[in-house]
Amino acid sequence: MKIGFDIDGTLTMFDSFVKSEGEKYILAKLDFGVQNHNGYDLDEVFELENKLMEKGHNKTEASVKVKKYMNEFWNKKYLKYVFYKLRPGSSDFTKMIASEGHEIHLYTSRRKATEKTLIGKFVRSTIKLQLLLGQIKYNQLNFYESDAEKITALLKANLDLHFDDKKELLEEINNFIDVVCIDNPYNKKYQGERLYDYQTEGKSFLLKKGLIKR
Ligand SMILES: [Mg+2]
């Protein structure tokens, strides 16, 4: 069978990275902590636009500053994210799937990864490095410029199953592909099949799906 995986938030611990590293960064820059535990990226978790408006900026200034803080945060912390540990049990989970002869195809729309520039090349190598360090088994790695492009590719890919963490993406494809939501605070409202933890539930999940035999 052909099994799809997203990378950020599905194999990586995007949420805890944004909260822990983001808190250090935002505390130092703006002197406040996490505002919304169910947010996704830095802007939502720290409600940056609102907080900047509370500090006296108008909406336009605030939104310009939000972009600036987000760019600076990810430029500064990106390599730390690459070396940040992956979700517990994710390596064994992919190894169990691969050991039964199934193919694993990864789909990521990480920003800049499709650029034909040195930066693009650098980002692609860091993703491969992250997967290598996390000992993720895979057959193919696909990069997309946007979620829309990724969705188009997923719909054409003839996957038997796809794992992802983004509610909106899952909702767009779940009528056509068997999908599983990898549990995160920001996707609790997704109503569909959910896997909470690779380490504790991974094996029984794969048995249930018939992807492994014992
Ligand atoms: Mg993701």
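Treat the numbers as computed from the prediction; the structure is a model and nothing was measured. (Residues numbered from 1 in each chain as written. Predicted model: local features only at pLDDT ≥ 70, side-chain atom pairs only at ≥ 80, totals over all residues.)

Caption draft 1: Region of the structure containing the environment of Glu145. Position of Glu145 among the secondary structure elements: in the loop between strand 3 (140-143) and helix 7 (147-156). Distance from Glu145 to Lys112, taken between C-alpha atoms, is 7.2 Å for residues 33 residues apart in sequence. Those residues in contact with Glu145 that lie beyond four places of it in its chain are Ser109 and Thr114. (Helix = DSSP H or I, 4+ residues; strand = E, 2+ residues; numbered from the N terminus. Contact = placed C-beta atoms within 7 Å.)

Caption draft 2: Local environment of the nonpolar core. Phe5 and Ile97 are the most contacted members of the largest nonpolar core, which totals 29 residues. Listed by contribution, the elements that provide at least two residues to this core are strand 1 (2-6), helix 5 (90-99), strand 2 (103-108), helix 6 (118-133), helix 8 (167-173), strand 5 (179-182) and helix 9 (198-208). With four residues, strand 5 is the largest single contributor of residues to this core. Those residues in contact with Ile97, other than ones at most four positions away along the chain, are Ile3, His102, Ile104, Leu206 and Leu211. Core analysis: the second largest hydrophobic core is formed by 11 residues, Phe14, Leu52, Val66 and Phe73 among them. (Core = buried A, V, L, I, M, F, W, Y, C linked by C-beta atoms within 7 Å. Buried ≥ 20, exposed ≤ 12 C-beta atoms within 10 Å, placed from the backbone.)

Caption draft 3: Representation of helix 1 (residues 14-30) in the model. Of all bends in helix 1, the biggest is about 35°, found at Gly22. Taken residue by residue, helix 1 has Phe14, Asp15, Val18, Gly22 and Ile26 as its buried positions. Looking at the buried side of helix 1, the elements it contacts are helix 2 (42-45) and helix 4 (59-82). The first or second residue beyond helix 1 is Asp31, which carries a positive phi of 65°. (Bend = angle between axes of the 7 residues up to and from the residue.)

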